[in-house]
Amino acid sequence: MAEEESTEAIRPELPIGRVKKIMKLDNDINKVNSEALFLVTCSAELFLRFLAEKSAEITTERKRKIVKLEHIRIAVKKHQPTSDFLLDSLPMPSSEPSDRPATDQKHPRPVSEKPVPAGTRRIDHFFHKPANEAPILIDNDES
């Protein structure tokens, strides 16, 4: 045999169920094939690894130990294909000095005030609980 198949299974580190939920946020997607889900999960992992490596390079160039938003923004700006789709989604850097943590902020800043195209939602909506959702009450009394 010219090529031997490796028996080692590739297991993505990202939770596949979460990736599937994010994919299904798109109204055009009804069902997700398991092979497509696997490929999208692996692609997301590779992209995040790439972004983390480039951001870490910027951080070390600036002689810092902690990767901050400004380092990620610089890494995204330097890579044109990534900049084309991701730069508008990243939050703008704060006007206060970045060496001090913001302690009086109760809610994170909005990602962007830029309107989204009709029929789409921002990914940050997936991670926020709706404000109008009432808590579930459980009655444990067995009378």
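A quick note: this is a predicted structure, and the numbers were derived from the prediction, not measured.

Draft legend 1. Structural view of the overall build of the chain. Each helix and strand in the chain was counted, giving four helices and zero strands. For the chain, the α and β elements follow one another from N to C terminus as α-α-α-α. Taking all 143 residues of the chain together, the buried fraction comes to 15%. A fraction of 39% describes how many contacts in the chain between residues 6 or more apart in sequence connect residues 24 or more apart. Carbon and sulfur atoms make up 54% of the accessible area of the chain, which totals about 12600 Å².

Draft legend 2. A look at the pattern of salt bridges. All chains considered together, the criterion is met by three salt bridges. Where Glu45 meets Arg49, a salt bridge forms, and the shortest distance between an N and an O atom there is 4.0 Å. Taken together, the residues span about one helical turn, with Glu45 and Arg49 both in helix H2 (residues 34–61) at a distance of four residues. A relative accessible area of 14% places Glu45 in the buried class.

Cut-offs used in this document
- Residues numbered from 1 in each chain as written.
- Predicted model: local features only at pLDDT ≥ 70, side-chain atom pairs only at ≥ 80, totals over all residues.
- Heavy atoms only, no water.
- Helix = DSSP H or I, 4+ residues; strand = E, 2+ residues; numbered from the N terminus.
- Buried < 20%, exposed > 50% of the residue type's maximum accessible area, 1.4 Å probe, protein only.
- Contact = heavy atoms within 4.5 Å.
- Areas by Shrake-Rupley, 256 points an atom, 1.4 Å probe, with all protein chains shown as cover.
- Salt bridge = Lys/Arg side-chain N within 4 Å of Asp/Glu carboxyl O.

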